[in-house]
Amino acid sequence: MTLPFAQIDAFADRPFTGNQAAVMPLEAWLPDETLLAIAAENNLAETAFIIPDASGEADFELRWFTPAVEVALCGHATLASGHFVLSADPARERVTFRTRKAGILEVRRDGDSYAMALPAYPPEPAEVPGLLEALGVGIGETLRHPNGYDLTVLESAEAVLALKPDFRKLAAIGDTLNIVTAPGTDTDVVSRVFAPAAGIDEDPVTGSAHSVLTPYWAGRLGRDTFSAYQASARGGHIACGLAGDRVILGGKCVTVIVGEFALEGAG
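Quantities reported herein were computed from a predicted structural model and do not represent experimental measurements.

Rules and cut-offs
Residues numbered from 1 in each chain as written. Predicted model: local features only at pLDDT ≥ 70, side-chain atom pairs only at ≥ 80, totals over all residues. Heavy atoms only, no water. Helix = DSSP H or I, 4+ residues; strand = E, 2+ residues; numbered from the N terminus. Buried < 20%, exposed > 50% of the residue type's maximum accessible area, 1.4 Å probe, protein only. Disulfide = S-S within 2.5 Å. 1 Å grid on protein atoms, 1.4 Å probe; cavity = no way out; pocket = protein on both sides within 12 Å on 5 of 7 lines; lining within 4 Å. Points joined across faces, edges and corners; volume = space filled by probe spheres on them. Nonpolar A, V, L, I, M, F, W, Y, C, P; charged D, E, K, R; others polar. Pairing = 2+ DSSP bridges. Phe/Tyr/Trp six-rings, centres within 6.5 Å; stacked < 30°, edge-to-face > 60°. Polar contact = N/O pair within 3.5 Å; in protein donor to acceptor, adjacent residues only side chain to side chain. Contact = heavy atoms within 4.5 Å.

The backbone phi angle of Phe11 is positive, close to 55°, even though this residue is not glycine. Position of Phe11 among the secondary structure elements: in the loop between β1 (2-10) and β2 (19-25). Despite not being glycine, Asn43 has its phi angle at roughly 55°, a positive value. In this fold, Asn43 is placed in the loop between α1 (32-42) and β3 (46-52). Given a relative accessible area of 59%, Asn43 falls into the exposed group.

Listed below in structure tokens is the structure:
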């Protein structure tokens, strides 16, 4: 048994930047343990699996797995999945995905880029014991969204770039996405994102983090659109917009590998 496979750099305008995602279309769901084993074998931040949506609510069902766990929302692998579908059909303008915990998501063409609609997750001020210590900072504003996101706001982009977190301490806080942000220099906003409890110490470019960052910064900046940069080693630019209870994230994708995944002999 072989499965189609594509590796796509999302939020990237050239190879080797942005965030890597595998996209694998299936005819029907394989057992969860097989999906997780495939994601672990791929060893990318996320593997996205899609099947045709028999319910009629969307074009496809979509699930995402890190090498360690299934996640409730992954933005960059959704963008990659949209690119996978739309690049195969140049006449198609949009594609929708039904997910288990994040509702219906959409990716549409936007000139030579894509626009992706995700749910907005406005964070609220919260004390998160041990978070600042785990990040290695003394002062920072901390906020939380109950869907598993912790947001720390620092004073400067330089402070964000200089972070050297203790990943064991971060993982001990819980299975949350740890987002650290500040006003940017070349962009309005800069961020870094850590998810050690999910098997990813630092995520290169994280769409779901911008479901939290977009409503926070839209309120702070006093406008609904702004530019963002996630300052990982690979790095990626995200155009951010707030539209009611949705965030609209803009970015490009580059397909870097196309092939087949062999499951012969898998138990």
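Past the structure itself, the notes keep going.
If you walk through the whole model with that rule in mind, you get zero disulfides. Looking at Cys240, it has no disulfide partner, and the nearest cysteine sulfur is the one in Cys253, 15 Å off. Lacking any disulfide linkage, Cys253 is separated from the closest cysteine sulfur, that of Cys74, by 11 Å.

Moving on to the layout of surface pockets. Approximately 510 Å³ is the volume attributed to the largest pocket. As for the largest pocket, its lining consists of 30 residues, of which Glu70, Val71, Ala72, Leu73 and Tyr149 are closest to the centre. Every element with two or more residues in the lining of the largest pocket is listed here: β4 (60-65), β5 (70-71), α2 (75-87) and β14 (200-203). At three residues, β4 tops the list of elements feeding residues into the lining of the largest pocket. Each residue belonging to the lining of the largest pocket can be placed in one class, and the counts come to 14 nonpolar, nine polar and seven charged. Looking at the second largest pocket, its volume works out to about 200 Å³. Considering the residues around the second largest pocket, the lining is formed by 13 residues, among which Phe11, Ala12, Asp13, Gly236 and His237 are closest to the centre.

Bringing the pairing of strand β7 (residues 104-110) into the picture now. Across five bridges, the pairing between strand β6 (residues 94-98) and β7 is antiparallel. In the strand pairing of β7, Thr96 is matched with Glu106. Joining the antiparallel neighbours β6 and β7 is a turn of five residues, in which Gly103 adopts a positive phi near 80°. Pairing between β7 and strand β8 (residues 113-119): five bridges, direction antiparallel. Residue pairing across strands places Arg109 opposite Tyr114, the latter belonging to β8. Turn length for the β7-β8 hairpin, with the two strands adjacent in sequence and antiparallel, is two residues, and the turn residue Gly111 shows positive phi of about 65°.

This paragraph deals with the packing of aromatic side chains. Aromatic rings in a pair are described by how distant their centres are and how their planes are angled relative to each other. On inspection of all chains with the given rule, the structure shows five aromatic pairs. Judged by centre distance (5.8 Å) and plane angle (80°), the ring pair of Phe49 and Phe65 falls under edge-to-face. Of this pair, Phe49 sits in strand β3 while Phe65 sits in strand β4, placing them 16 residues apart in sequence. Here Phe49 and Phe65 have matching classes, each one buried. On the basis of an interplanar angle of 35° and a centroid distance of 6.1 Å, the ring pair of Phe60 and Phe97 is categorised as tilted. Placement of Phe60 in strand β4 and of Phe97 in strand β6 is noted, with a sequence separation of 37 residues between them. On the basis of relative accessible area, Phe60 is assigned to the buried category, the value being 17%. Its relative accessible area of 0% is what places Phe97 among the buried residues.

This part takes up the side chain of Arg192. Following the sequence through the fold, Arg192 ends up in strand β13 (residues 189-195). Given the relative accessible area of 9%, Arg192 is considered buried. Within the structure, Arg192 has its side chain in polar contact with the backbone oxygen of Val160 (distance 3.0 Å). In this structure Arg192 touches Val160, Leu161, Ala162, Leu163, Asn178, Ile179, Val180, Glu202, Gln230 and Ala231, once residues within four positions along its chain are discounted.

What follows deals with the pairing of β6. In terms of strand pairing, β4 meets β6 through two bridges, oriented parallel. Bridge pairing links Phe60 to Phe97 in β6.

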